[in-house]
Amino acid sequence: MSAKYIFVTGGVVSSLGKGLAAASIGCLLESRGLRVNLMKFDPYLNVDPGTLSPFQHGEVFVTDDGAETDLDLGHYERFTHARLSRDNNLTTGRIYEQIITKERRGDYLGKTVQVIPHVTNEIKNAMRKVATDADVTIVEIGGTVGDIESLPFLEAIRQMRQEFGRENTVFVHVTLVPWIGAAQELKTKPTQHSVKELLSIGIQPDILLCRTDRFLAHEIKSKIALFCNLEERAVIAAKDVVSIYEVPLTFAQEGVDKLALKYLHIEAKEPDLTRWKQLVERCYNPRDEVSIGIVGKYVEYEDSYKSLKEALVHGALAYDLKLRVTWIEAEGLESKHPGDRQYEEQLAGFDGILVPGGFGKRGIEGMLNAIRYARENAVPYFGICLGMQTACIEFARNVCGLVGASSSEFDPATPHRVIFKLRELTGVEEMGGTMRLGAWPCVLAEDSIAARSYEATQISERHRHRYEFNREYEALLTGAGLRITGTTPDATYVEIVELPDHPFFLGCQFHPEFKSKPLEPHPLFRSFIAASYQNRLRSQSETVKQGRLTQSLQ
(Lines give C-alpha, C1' and ligand atoms only; values in the text may rest on other atoms or scores of the structure.)
Protein backbone atom coordinates (compact mmCIF):
# COMPACT_ATOMS: atom_id res chain seq x y z
CA MET A 1 0.00 0.00 0.00
CA SER A 2 1.24 3.48 -0.87
CA ALA A 3 2.13 5.84 1.95
CA LYS A 4 -0.99 7.62 3.23
CA TYR A 5 -0.90 11.00 4.95
CA ILE A 6 -3.31 13.12 6.96
CA PHE A 7 -2.16 16.74 7.30
CA VAL A 8 -3.56 18.78 10.19
CA THR A 9 -3.41 22.57 10.03
CA GLY A 10 -4.95 25.31 12.16
CA GLY A 11 -6.50 28.69 11.48
CA VAL A 12 -8.01 31.82 13.04
CA VAL A 13 -6.27 31.54 16.44
CA SER A 14 -3.73 29.29 18.12
CA SER A 15 -4.51 26.77 20.88
CA LEU A 16 -7.53 25.28 19.10
CA GLY A 17 -6.30 21.77 19.83
CA LYS A 18 -4.58 20.63 16.63
CA GLY A 19 -2.40 18.24 18.60
CA LEU A 20 -5.36 16.74 20.40
CA ALA A 21 -7.24 16.46 17.09
CA ALA A 22 -4.32 14.68 15.43
CA ALA A 23 -3.95 12.32 18.43
CA SER A 24 -7.69 11.56 18.45
CA ILE A 25 -7.73 10.76 14.73
CA GLY A 26 -4.76 8.48 15.32
CA CYS A 27 -6.64 6.80 18.17
CA LEU A 28 -9.66 6.13 15.94
CA LEU A 29 -7.56 4.69 13.12
CA GLU A 30 -5.73 2.44 15.60
CA SER A 31 -9.08 1.23 16.92
CA ARG A 32 -9.77 0.05 13.37
CA GLY A 33 -6.59 -2.03 13.28
CA LEU A 34 -4.38 0.38 11.34
CA ARG A 35 -0.79 1.23 12.20
CA VAL A 36 -0.32 4.96 12.67
CA ASN A 37 2.58 7.30 13.17
CA LEU A 38 2.37 10.98 14.06
CA MET A 39 4.62 13.95 13.44
CA LYS A 40 4.74 17.60 14.51
CA PHE A 41 6.43 20.46 12.65
CA ASP A 42 7.05 23.60 14.69
CA PRO A 43 7.70 26.84 12.78
CA TYR A 44 9.93 28.57 15.35
CA LEU A 45 13.71 28.93 14.82
CA ASN A 46 14.76 27.18 18.03
CA VAL A 47 16.49 23.88 17.25
CA ASP A 48 14.22 22.21 19.83
CA PRO A 49 11.98 23.39 22.70
CA GLY A 50 14.60 22.39 25.29
CA THR A 51 15.72 25.96 25.97
CA LEU A 52 12.27 27.57 25.72
CA SER A 53 10.57 28.94 28.83
CA PRO A 54 7.74 26.70 30.11
CA PHE A 55 5.65 29.89 30.39
CA GLN A 56 5.94 30.43 26.62
CA HIS A 57 5.71 26.92 25.26
CA GLY A 58 4.53 24.61 28.00
CA GLU A 59 6.32 21.43 28.98
CA VAL A 60 9.15 19.77 27.11
CA PHE A 61 8.17 16.19 26.29
CA VAL A 62 11.07 13.71 26.21
CA THR A 63 11.10 10.59 24.04
CA ASP A 64 12.98 7.34 24.70
CA ASP A 65 15.87 8.38 22.44
CA GLY A 66 16.39 11.57 24.42
CA ALA A 67 14.75 14.08 22.09
CA GLU A 68 13.35 17.22 23.72
CA THR A 69 10.11 17.75 21.84
CA ASP A 70 6.83 19.63 21.72
CA LEU A 71 4.15 18.76 24.27
CA ASP A 72 1.83 17.57 21.48
CA LEU A 73 3.96 14.44 21.20
CA GLY A 74 2.69 13.64 24.69
CA HIS A 75 -0.85 13.65 23.31
CA TYR A 76 0.26 11.39 20.46
CA GLU A 77 1.77 8.82 22.84
CA ARG A 78 -1.12 8.93 25.30
CA PHE A 79 -3.77 8.39 22.60
CA THR A 80 -1.92 5.89 20.40
CA HIS A 81 0.78 3.23 20.56
CA ALA A 82 3.08 5.02 18.10
CA ARG A 83 6.73 4.80 19.16
CA LEU A 84 8.00 8.35 18.79
CA SER A 85 11.56 9.63 18.48
CA ARG A 86 13.46 12.78 17.52
CA ASP A 87 12.31 12.15 13.93
CA ASN A 88 8.71 12.85 14.96
CA ASN A 89 9.25 16.52 15.87
CA LEU A 90 11.14 19.00 13.71
CA THR A 91 11.46 22.76 14.04
CA THR A 92 12.41 25.32 11.43
CA GLY A 93 15.65 25.79 13.35
CA ARG A 94 16.59 22.13 13.11
CA ILE A 95 15.70 21.94 9.40
CA TYR A 96 17.80 25.02 8.63
CA GLU A 97 20.62 23.58 10.75
CA GLN A 98 20.58 20.41 8.63
CA ILE A 99 20.50 22.39 5.38
CA ILE A 100 23.35 24.70 6.39
CA THR A 101 25.45 21.68 7.45
CA LYS A 102 24.89 20.12 4.00
CA GLU A 103 25.70 23.38 2.25
CA ARG A 104 28.96 23.81 4.19
CA ARG A 105 29.87 20.23 3.33
CA GLY A 106 29.28 20.92 -0.37
CA ASP A 107 26.34 18.53 -0.77
CA TYR A 108 24.48 20.96 -3.05
CA LEU A 109 27.32 21.05 -5.60
CA GLY A 110 27.43 24.82 -5.85
CA LYS A 111 23.69 25.37 -6.31
CA THR A 112 21.95 28.36 -4.78
CA VAL A 113 20.20 27.08 -1.65
CA GLN A 114 16.58 28.30 -1.52
CA VAL A 115 13.35 27.71 0.41
CA ILE A 116 11.96 25.98 -2.68
CA PRO A 117 13.14 23.34 -3.35
CA HIS A 118 15.77 22.80 -0.64
CA VAL A 119 13.82 23.62 2.52
CA THR A 120 10.62 22.02 1.26
CA ASN A 121 12.54 18.93 0.14
CA GLU A 122 14.02 18.57 3.63
CA ILE A 123 10.51 18.79 5.12
CA LYS A 124 9.14 16.21 2.69
CA ASN A 125 12.04 13.84 3.33
CA ALA A 126 11.35 14.05 7.06
CA MET A 127 7.70 13.08 6.46
CA ARG A 128 8.65 10.16 4.24
CA LYS A 129 11.12 8.92 6.86
CA VAL A 130 8.48 8.45 9.58
CA ALA A 131 5.93 6.92 7.17
CA THR A 132 7.90 3.76 6.34
CA ASP A 133 6.25 1.42 8.90
CA ALA A 134 2.80 3.01 9.14
CA ASP A 135 -0.45 2.55 7.26
CA VAL A 136 -1.30 6.20 7.89
CA THR A 137 1.00 9.03 8.99
CA ILE A 138 -0.61 12.06 10.63
CA VAL A 139 1.39 15.27 10.26
CA GLU A 140 0.54 18.35 12.32
CA ILE A 141 1.75 21.78 11.20
CA GLY A 142 2.25 24.10 14.17
CA GLY A 143 1.21 27.71 14.22
CA THR A 144 -1.69 29.29 12.36
CA VAL A 145 -2.35 29.59 8.63
CA GLY A 146 -1.20 33.07 7.63
CA ASP A 147 1.91 33.04 9.82
CA ILE A 148 4.99 33.77 7.72
CA GLU A 149 6.93 31.07 9.60
CA SER A 150 4.49 28.34 8.53
CA LEU A 151 4.65 28.97 4.79
CA PRO A 152 7.47 26.50 3.94
CA PHE A 153 5.61 23.69 5.74
CA LEU A 154 2.32 24.47 4.04
CA GLU A 155 4.07 24.58 0.67
CA ALA A 156 5.67 21.22 1.44
CA ILE A 157 2.36 19.51 2.21
CA ARG A 158 0.84 21.09 -0.92
CA GLN A 159 3.63 19.44 -2.90
CA MET A 160 3.01 16.14 -1.11
CA ARG A 161 -0.51 16.02 -2.56
CA GLN A 162 0.92 16.70 -6.02
CA GLU A 163 3.40 13.85 -5.62
CA PHE A 164 1.25 11.24 -3.84
CA GLY A 165 -2.17 12.07 -5.30
CA ARG A 166 -5.53 12.90 -3.75
CA GLU A 167 -6.22 9.27 -2.84
CA ASN A 168 -3.17 9.22 -0.56
CA THR A 169 -3.49 12.59 1.19
CA VAL A 170 -6.14 14.26 3.36
CA PHE A 171 -6.11 17.86 4.57
CA VAL A 172 -7.78 18.45 7.94
CA HIS A 173 -8.16 22.08 9.00
CA VAL A 174 -8.96 23.03 12.60
CA THR A 175 -10.79 26.33 12.77
CA LEU A 176 -13.04 28.41 15.02
CA VAL A 177 -16.78 29.11 14.91
CA PRO A 178 -17.23 31.62 17.74
CA TRP A 179 -20.45 32.45 19.56
CA ILE A 180 -21.00 36.20 19.66
CA GLY A 181 -22.96 36.91 22.82
CA ALA A 182 -24.15 40.38 21.80
CA ALA A 183 -25.62 39.07 18.55
CA GLN A 184 -26.68 35.73 20.07
CA GLU A 185 -25.41 33.79 17.06
CA LEU A 186 -22.52 31.69 15.77
CA LYS A 187 -20.27 33.36 13.21
CA THR A 188 -18.75 31.47 10.28
CA LYS A 189 -16.72 34.31 8.79
CA PRO A 190 -13.48 33.49 10.67
CA THR A 191 -13.64 29.97 9.23
CA GLN A 192 -14.33 31.28 5.75
CA HIS A 193 -11.33 33.62 5.89
CA SER A 194 -9.08 30.87 7.25
CA VAL A 195 -10.01 28.50 4.42
CA LYS A 196 -9.58 31.35 1.93
CA GLU A 197 -6.02 31.81 3.25
CA LEU A 198 -5.35 28.09 2.72
CA LEU A 199 -6.81 28.19 -0.78
CA SER A 200 -4.56 31.11 -1.67
CA ILE A 201 -1.52 28.83 -1.23
CA GLY A 202 -3.06 25.93 -3.10
CA ILE A 203 -4.54 23.79 -0.33
CA GLN A 204 -8.21 22.80 -0.33
CA PRO A 205 -9.16 21.30 3.05
CA ASP A 206 -11.05 18.00 2.88
CA ILE A 207 -12.32 18.04 6.50
CA LEU A 208 -13.04 21.04 8.71
CA LEU A 209 -12.92 20.58 12.48
CA CYS A 210 -14.92 23.56 13.73
CA ARG A 211 -14.09 24.35 17.36
CA THR A 212 -17.21 25.61 19.08
CA ASP A 213 -18.84 25.59 22.50
CA ARG A 214 -22.19 24.36 21.16
CA PHE A 215 -23.65 22.11 18.47
CA LEU A 216 -23.65 23.38 14.90
CA ALA A 217 -27.10 23.49 13.30
CA HIS A 218 -27.64 22.05 9.84
CA GLU A 219 -27.89 25.58 8.41
CA ILE A 220 -24.50 26.56 9.82
CA LYS A 221 -22.80 23.42 8.49
CA SER A 222 -24.45 23.91 5.11
CA LYS A 223 -23.27 27.51 4.92
CA ILE A 224 -19.68 26.59 5.83
CA ALA A 225 -19.66 23.74 3.29
CA LEU A 226 -20.94 26.03 0.54
CA PHE A 227 -18.47 28.85 1.14
CA CYS A 228 -15.49 26.57 1.88
CA ASN A 229 -16.03 24.23 -1.07
CA LEU A 230 -16.42 20.85 0.66
CA GLU A 231 -19.22 18.40 1.37
CA GLU A 232 -21.48 19.13 4.32
CA ARG A 233 -20.69 15.93 6.22
CA ALA A 234 -17.03 17.00 6.19
CA VAL A 235 -17.90 20.00 8.37
CA ILE A 236 -17.36 18.57 11.85
CA ALA A 237 -18.57 20.17 15.08
CA ALA A 238 -15.54 19.84 17.37
CA LYS A 239 -17.53 20.83 20.44
CA ASP A 240 -15.88 21.59 23.79
CA VAL A 241 -15.92 18.61 26.15
CA VAL A 242 -15.15 18.29 29.86
CA SER A 243 -12.60 15.50 29.42
CA ILE A 244 -10.11 15.41 26.56
CA TYR A 245 -10.53 11.62 26.50
CA GLU A 246 -14.03 12.13 25.12
CA VAL A 247 -12.65 13.73 21.93
CA PRO A 248 -12.07 10.42 20.06
CA LEU A 249 -15.66 9.41 20.84
CA THR A 250 -17.12 12.73 19.62
CA PHE A 251 -15.01 12.48 16.46
CA ALA A 252 -16.28 8.93 15.92
CA GLN A 253 -19.89 10.12 16.32
CA GLU A 254 -19.25 12.82 13.73
CA GLY A 255 -17.69 10.28 11.35
CA VAL A 256 -14.21 11.82 11.12
CA ASP A 257 -12.46 8.47 10.77
CA LYS A 258 -14.97 7.22 8.17
CA LEU A 259 -14.38 10.31 6.06
CA ALA A 260 -10.61 10.04 6.32
CA LEU A 261 -10.70 6.37 5.29
CA LYS A 262 -13.04 7.17 2.42
CA TYR A 263 -10.77 9.90 1.08
CA LEU A 264 -7.68 7.70 1.53
CA HIS A 265 -9.37 4.70 -0.16
CA ILE A 266 -8.68 2.41 2.81
CA GLU A 267 -10.89 -0.52 3.82
CA ALA A 268 -10.78 -1.12 7.59
CA LYS A 269 -12.78 -2.93 10.25
CA GLU A 270 -15.28 -1.18 12.50
CA PRO A 271 -13.66 0.63 15.44
CA ASP A 272 -13.47 -0.99 18.87
CA LEU A 273 -13.83 1.89 21.33
CA THR A 274 -15.14 -0.15 24.26
CA ARG A 275 -12.29 0.69 26.63
CA TRP A 276 -12.44 4.40 25.73
CA LYS A 277 -16.17 4.45 26.44
CA GLN A 278 -15.58 2.79 29.81
CA LEU A 279 -12.84 5.35 30.55
CA VAL A 280 -15.12 8.29 29.77
CA GLU A 281 -17.89 6.68 31.82
CA ARG A 282 -15.51 6.65 34.81
CA CYS A 283 -14.61 10.29 34.12
CA TYR A 284 -18.22 11.37 34.48
CA ASN A 285 -19.30 8.97 37.21
CA PRO A 286 -16.54 8.79 39.85
CA ARG A 287 -17.27 7.05 43.14
CA ASP A 288 -15.24 9.57 45.15
CA GLU A 289 -12.50 12.14 44.75
CA VAL A 290 -8.86 12.68 45.73
CA SER A 291 -7.19 16.04 46.36
CA ILE A 292 -3.57 16.67 45.31
CA GLY A 293 -1.53 19.81 45.93
CA ILE A 294 1.16 20.44 43.29
CA VAL A 295 3.91 22.74 44.54
CA GLY A 296 5.73 24.06 41.49
CA LYS A 297 7.41 27.07 39.97
CA TYR A 298 5.51 27.33 36.65
CA VAL A 299 2.00 26.85 38.00
CA GLU A 300 0.61 30.00 36.36
CA TYR A 301 0.62 28.11 33.05
CA GLU A 302 -0.81 24.60 33.41
CA ASP A 303 0.64 23.40 30.10
CA SER A 304 4.03 23.59 31.83
CA TYR A 305 3.02 20.37 33.61
CA LYS A 306 0.73 18.88 30.95
CA SER A 307 1.92 15.26 31.14
CA LEU A 308 2.07 15.43 34.93
CA LYS A 309 -1.54 16.54 35.24
CA GLU A 310 -2.69 13.83 32.81
CA ALA A 311 -0.70 11.12 34.62
CA LEU A 312 -2.44 12.08 37.88
CA VAL A 313 -5.79 11.88 36.09
CA HIS A 314 -4.86 8.40 34.82
CA GLY A 315 -3.97 7.28 38.33
CA ALA A 316 -7.24 8.62 39.71
CA LEU A 317 -9.33 7.02 36.95
CA ALA A 318 -7.74 3.66 37.76
CA TYR A 319 -9.65 3.80 41.06
CA ASP A 320 -12.80 5.54 39.73
CA LEU A 321 -11.81 8.77 41.46
CA LYS A 322 -12.23 12.38 40.45
CA LEU A 323 -8.94 14.27 40.63
CA ARG A 324 -8.92 17.66 42.30
CA VAL A 325 -5.66 19.48 41.70
CA THR A 326 -4.60 22.68 43.44
CA TRP A 327 -1.65 24.49 41.87
CA ILE A 328 0.51 26.07 44.56
CA GLU A 329 3.18 28.64 43.70
CA ALA A 330 6.31 27.48 45.53
CA GLU A 331 7.46 31.02 46.30
CA GLY A 332 4.22 31.56 48.26
CA LEU A 333 5.28 28.87 50.75
CA GLU A 334 8.57 30.47 51.71
CA SER A 335 9.04 31.39 55.36
CA LYS A 336 9.38 35.10 56.13
CA HIS A 337 11.67 34.41 59.11
CA PRO A 338 13.18 31.36 60.88
CA GLY A 339 10.50 29.39 62.67
CA ASP A 340 7.69 30.86 60.53
CA ARG A 341 5.38 27.98 59.58
CA GLN A 342 2.38 29.88 58.25
CA TYR A 343 2.82 27.95 55.00
CA GLU A 344 1.21 24.94 56.71
CA GLU A 345 -2.20 26.61 56.38
CA GLN A 346 -1.89 26.41 52.58
CA LEU A 347 -0.94 22.73 52.69
CA ALA A 348 -3.50 21.48 55.20
CA GLY A 349 -6.31 19.39 53.78
CA PHE A 350 -4.59 17.84 50.77
CA ASP A 351 -4.67 14.06 50.45
CA GLY A 352 -1.25 14.09 48.79
CA ILE A 353 1.50 16.56 47.87
CA LEU A 354 3.62 16.47 44.73
CA VAL A 355 6.69 18.52 43.78
CA PRO A 356 7.47 18.29 40.03
CA GLY A 357 10.58 19.06 37.98
CA GLY A 358 12.04 22.45 37.25
CA PHE A 359 15.24 24.46 36.90
CA GLY A 360 16.81 27.31 38.86
CA LYS A 361 16.65 28.37 42.50
CA ARG A 362 13.36 30.33 42.46
CA GLY A 363 10.84 28.81 44.88
CA ILE A 364 13.20 26.16 46.28
CA GLU A 365 12.72 27.20 49.93
CA GLY A 366 8.94 26.91 49.48
CA MET A 367 9.34 23.41 48.07
CA LEU A 368 11.48 22.41 51.04
CA ASN A 369 8.76 23.65 53.40
CA ALA A 370 6.10 21.63 51.54
CA ILE A 371 8.26 18.49 51.71
CA ARG A 372 8.91 18.98 55.41
CA TYR A 373 5.17 19.32 56.02
CA ALA A 374 4.44 16.11 54.10
CA ARG A 375 7.21 14.20 55.87
CA GLU A 376 6.30 15.31 59.39
CA ASN A 377 2.52 14.96 58.97
CA ALA A 378 2.53 11.58 57.18
CA VAL A 379 0.97 13.09 54.04
CA PRO A 380 1.79 11.04 50.91
CA TYR A 381 4.58 12.76 49.01
CA PHE A 382 5.72 12.24 45.43
CA GLY A 383 8.82 14.10 44.18
CA ILE A 384 9.77 14.07 40.52
CA CYS A 385 13.27 15.10 39.32
CA LEU A 386 13.73 18.40 41.18
CA GLY A 387 11.14 17.04 43.64
CA MET A 388 13.50 14.17 44.48
CA GLN A 389 16.51 16.46 44.80
CA THR A 390 14.69 18.86 47.13
CA ALA A 391 13.47 15.88 49.21
CA CYS A 392 17.10 14.86 49.74
CA ILE A 393 18.07 18.42 50.66
CA GLU A 394 15.17 18.76 53.12
CA PHE A 395 16.10 15.45 54.76
CA ALA A 396 19.76 16.47 54.99
CA ARG A 397 18.89 19.79 56.63
CA ASN A 398 16.07 18.87 58.98
CA VAL A 399 16.82 15.25 59.88
CA CYS A 400 20.59 14.98 59.51
CA GLY A 401 21.30 18.49 60.77
CA LEU A 402 23.43 19.55 57.78
CA VAL A 403 22.97 23.30 58.03
CA GLY A 404 22.99 24.98 54.63
CA ALA A 405 22.76 21.71 52.69
CA SER A 406 21.72 22.46 49.14
CA SER A 407 22.38 21.81 45.47
CA SER A 408 25.29 23.41 43.65
CA GLU A 409 22.66 24.55 41.13
CA PHE A 410 21.02 26.82 43.72
CA ASP A 411 24.03 27.65 45.89
CA PRO A 412 27.51 27.06 44.43
CA ALA A 413 29.04 27.95 47.82
CA THR A 414 26.97 25.51 49.90
CA PRO A 415 29.00 23.66 52.57
CA HIS A 416 27.07 20.44 51.82
CA ARG A 417 26.53 19.67 48.12
CA VAL A 418 23.93 16.97 48.60
CA ILE A 419 23.01 17.51 44.95
CA PHE A 420 25.68 18.41 42.40
CA LYS A 421 26.26 18.61 38.67
CA LEU A 422 26.36 15.36 36.70
CA ARG A 423 29.97 14.24 36.56
CA GLU A 424 30.01 13.81 32.78
CA LEU A 425 28.67 17.38 32.36
CA THR A 426 31.42 19.00 34.40
CA GLY A 427 32.81 21.80 32.26
CA VAL A 428 29.86 21.75 29.85
CA GLU A 429 28.20 25.16 29.94
CA GLU A 430 25.93 25.01 26.86
CA MET A 431 22.26 24.76 27.84
CA GLY A 432 20.65 23.06 24.82
CA GLY A 433 20.62 19.26 24.63
CA THR A 434 23.37 18.80 27.24
CA MET A 435 21.41 17.07 30.00
CA ARG A 436 21.02 13.41 30.81
CA LEU A 437 18.16 12.72 28.44
CA GLY A 438 15.95 9.84 27.37
CA ALA A 439 15.40 6.28 28.59
CA TRP A 440 17.86 4.79 31.10
CA PRO A 441 17.61 1.47 32.97
CA CYS A 442 17.06 1.35 36.71
CA VAL A 443 17.39 -1.48 39.25
CA LEU A 444 14.89 -1.49 42.14
CA ALA A 445 15.46 -2.71 45.67
CA GLU A 446 13.23 -5.55 46.77
CA ASP A 447 10.45 -4.80 49.25
CA SER A 448 10.33 -1.14 48.29
CA ILE A 449 7.39 1.08 47.31
CA ALA A 450 8.87 1.26 43.82
CA ALA A 451 9.28 -2.50 43.38
CA ARG A 452 5.76 -3.16 44.68
CA SER A 453 4.34 -0.48 42.37
CA TYR A 454 6.08 -1.75 39.24
CA GLU A 455 5.84 -5.42 40.24
CA ALA A 456 9.36 -5.67 38.85
CA THR A 457 12.96 -5.05 39.90
CA GLN A 458 14.25 -3.72 36.56
CA ILE A 459 12.64 -0.81 34.74
CA SER A 460 13.42 1.84 32.13
CA GLU A 461 12.35 5.48 32.51
CA ARG A 462 12.94 8.78 30.75
CA HIS A 463 15.20 11.46 32.18
CA ARG A 464 15.80 15.18 31.76
CA HIS A 465 18.19 16.55 34.36
CA ARG A 466 21.59 18.15 34.81
CA TYR A 467 22.21 17.45 38.52
CA GLU A 468 22.42 14.24 40.58
CA PHE A 469 22.48 12.95 44.14
CA ASN A 470 25.96 13.17 45.67
CA ARG A 471 26.76 9.66 46.93
CA GLU A 472 29.38 11.04 49.31
CA TYR A 473 26.40 11.83 51.57
CA GLU A 474 24.74 8.42 51.09
CA ALA A 475 25.93 6.84 54.35
CA LEU A 476 24.89 9.84 56.43
CA LEU A 477 21.40 10.12 54.91
CA THR A 478 20.65 6.40 54.80
CA GLY A 479 21.90 6.08 58.38
CA ALA A 480 19.27 8.60 59.41
CA GLY A 481 16.47 6.65 57.70
CA LEU A 482 16.43 7.61 54.03
CA ARG A 483 16.40 4.57 51.76
CA ILE A 484 17.87 4.44 48.27
CA THR A 485 15.65 2.01 46.38
CA GLY A 486 16.56 2.66 42.75
CA THR A 487 19.94 3.03 41.04
CA THR A 488 21.44 2.61 37.60
CA PRO A 489 22.69 -0.96 36.98
CA ASP A 490 26.29 0.18 37.51
CA ALA A 491 25.27 1.90 40.78
CA THR A 492 26.60 5.25 39.51
CA TYR A 493 23.39 7.25 39.80
CA VAL A 494 20.69 7.31 42.45
CA GLU A 495 17.29 7.10 40.78
CA ILE A 496 14.77 6.63 43.64
CA VAL A 497 14.73 7.50 47.33
CA GLU A 498 12.04 6.54 49.87
CA LEU A 499 11.17 6.84 53.54
CA PRO A 500 10.18 3.34 54.71
CA ASP A 501 8.37 4.49 57.88
CA HIS A 502 6.06 6.84 55.96
CA PRO A 503 2.68 5.97 54.30
CA PHE A 504 4.12 7.05 50.92
CA PHE A 505 7.25 9.13 50.50
CA LEU A 506 9.03 8.60 47.19
CA GLY A 507 11.26 10.75 45.02
CA CYS A 508 12.46 9.71 41.58
CA GLN A 509 15.09 11.36 39.40
CA PHE A 510 13.29 10.43 36.16
CA HIS A 511 9.97 11.66 34.72
CA PRO A 512 7.42 8.82 34.97
CA GLU A 513 4.63 11.09 33.68
CA PHE A 514 5.99 10.77 30.13
CA LYS A 515 5.05 7.08 29.96
CA SER A 516 1.57 7.20 31.45
CA LYS A 517 -1.49 6.55 29.25
CA PRO A 518 -5.19 6.85 30.10
CA LEU A 519 -5.74 3.14 29.50
CA GLU A 520 -2.35 2.20 31.02
CA PRO A 521 -1.74 4.41 34.11
CA HIS A 522 1.87 4.63 35.27
CA PRO A 523 2.57 2.37 38.30
CA LEU A 524 4.02 5.16 40.47
CA PHE A 525 1.07 7.46 39.85
CA ARG A 526 -1.34 4.63 40.62
CA SER A 527 0.44 3.96 43.92
CA PHE A 528 0.64 7.66 44.83
CA ILE A 529 -3.08 8.17 44.16
CA ALA A 530 -3.93 5.00 46.11
CA ALA A 531 -1.89 6.18 49.11
CA SER A 532 -3.41 9.66 48.88
CA TYR A 533 -6.92 8.22 48.82
CA GLN A 534 -6.14 6.05 51.84
CA ASN A 535 -4.94 9.18 53.60
CA ARG A 536 -8.24 10.84 52.72
CA LEU A 537 -10.24 7.95 54.17
CA ARG A 538 -8.14 8.00 57.36
CA SER A 539 -8.70 11.75 57.73
CA GLN A 540 -12.44 11.35 57.21
CA SER A 541 -12.57 8.52 59.74
CA GLU A 542 -10.70 10.60 62.31
CA THR A 543 -13.02 13.55 61.68
CA VAL A 544 -16.06 11.33 62.25
CA LYS A 545 -14.54 9.93 65.46
CA GLN A 546 -13.73 13.43 66.66
CA GLY A 547 -17.28 14.53 65.90
CA ARG A 548 -18.74 11.60 67.86
CA LEU A 549 -16.42 12.32 70.78
CA THR A 550 -17.47 15.97 70.80
CA GLN A 551 -21.16 14.97 70.79
CA SER A 552 -20.64 12.53 73.65
CA LEU A 553 -19.01 15.25 75.75
CA GLN A 554 -21.84 17.72 75.24
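Scroll up to find the structure this text is about.
Since this is a predicted model, take the numbers as computed values, not measurements.

### Here we look at the overall build of the chain
Right, on to step 1. Secondary structure summary: the chain contains 18 helices and 23 strands in total.
Right, on to step 2. Whereas a compact globule of 554 residues would reach a radius of gyration of roughly 24 Å, the chain reaches 26 Å, a difference of no more than 12%.
Right, on to step 3. Along the first, second and third principal axes, the C-alpha set of the chain runs to 75 × 70 × 45 Å.
Right, on to step 4. Buried residues in the chain amount to 57% of all 554 residues.
Right, on to step 5. Counting contacts in the chain only where the partners sit at least 6 residues apart, residues at least 24 apart contribute 73% of the total.
Right, on to step 6. Total accessible area on the chain stands at roughly 23,700 Å², and carbon and sulfur atoms take up 49% of it.
Right, on to step 7. Counting 64 positive and 74 negative side-chain charges, the chain places the centres of these two groups 3 Å from one another.

### Examining the nonpolar core
Grouped burial of nonpolar side chains is what soluble globular proteins tend to show.
Right, on to step 1. Judged by nonpolar contacts, the single largest core of 97 residues is most densely connected at I6, L209, L354 and F382.
Right, on to step 2. In this view, L354 contacts I292, G293, I294, V295, L308, L312, F382, I384, F525 and F528; residues no more than four positions away in its chain are not counted.
Right, on to step 3. Membership of the second largest hydrophobic core comes to 41 residues, among which are Y373, I393, L477 and I484.

### Observations concerning the pairing of strand β15 (residues 381–384)
Right, on to step 1. Burial along β15 is two-sided: the residues Y381 and G383 and F382 and I384 are all buried.
Right, on to step 2. In this fold, the crossover linking strand β14 (residues 352–355) to β15 by way of helix α14 (residues 364–376) has right-handed handedness.
Right, on to step 3. Relative to strand β23 (residues 505–508), β15 runs parallel, the two being bridged by four bridges. Note on β23: the bridge partner recorded for G383 is G507.

### Structural notes on the side chain of T69
Right, on to step 1. Positionally, T69 belongs in strand β4 (residues 68–69).
Right, on to step 2. By relative accessible area, which is 1% here, T69 ends up buried.

### Considerations on the sheet that holds strand β7 (residues 169–176)
Right, on to step 1. Ordered in space as β5-β2-β6-β1-β7-β10-β11, the seven strands form an open sheet in which the pairing is parallel. Bordering the open sheet on either side are β5 (89–91) and β11 (235–239), each of which pairs with just one other strand. Sheet twist, expressed as the mean angle between neighbouring strand axes with direction ignored, is 20 degrees.
Right, on to step 2. Note: strand β2 (residues 36–42) against β5, three bridges, orientation parallel. Bridging from a neighbouring strand, F41 pairs with L90 of β5.
Right, on to step 3. Seen against the sheet, helix α10 (residues 256–264) touches β1 (4–10), β6 (136–141), β7, β10 (207–212) and β11 and runs at an angle of roughly 160 degrees to β10.

### So, the sheet that holds strand β12 (residues 288–296)
Right, on to step 1. Taken in spatial order, the nine strands line up as β13-β12-β14-β15-β23-β22-β21-β18-β19 in an open sheet, and their pairing is mixed. Of all the strands in the sheet, the pair left with one neighbour each is β13 (321–329) and β19 (458–465). Strand-to-strand twist across the sheet, computed as the mean angle between neighbouring axes with direction ignored, equals 25 degrees.
Right, on to step 2. By the bridge criterion, nine bridges tie β12 to β13 in an arrangement that is parallel. When the sheet's bridge partners are listed, E289 is paired in β13 with K322.

Calculation notes
- Residues numbered from 1 in each chain as written.
- Predicted model: local features only at pLDDT ≥ 70, side-chain atom pairs only at ≥ 80, totals over all residues.
- Heavy atoms only, no water.
- Helix = DSSP H or I, 4+ residues; strand = E, 2+ residues; numbered from the N terminus.
- Rg over C-alpha atoms; globule rule 2.2 N^0.38 Å.
- Buried < 20%, exposed > 50% of the residue type's maximum accessible area, 1.4 Å probe, protein only.
- Contact = heavy atoms within 4.5 Å.
- Areas by Shrake-Rupley, 256 points an atom, 1.4 Å probe, with all protein chains shown as cover.
- Lys, Arg positive; Asp, Glu negative; His and termini not counted.
- Charge placed at Lys NZ, Arg CZ, Asp CG, Glu CD.
- Core = buried A, V, L, I, M, F, W, Y, C linked by side-chain atoms within 4.5 Å.
- Right-handed = clockwise from strand over helix to strand, strands pointing away.
- Pairing = 2+ DSSP bridges.
- Axes fitted to C-alpha atoms, helices over the stretch in contact; angles between N-to-C directions.

All we've got here are geometric facts, nothing functional implied.
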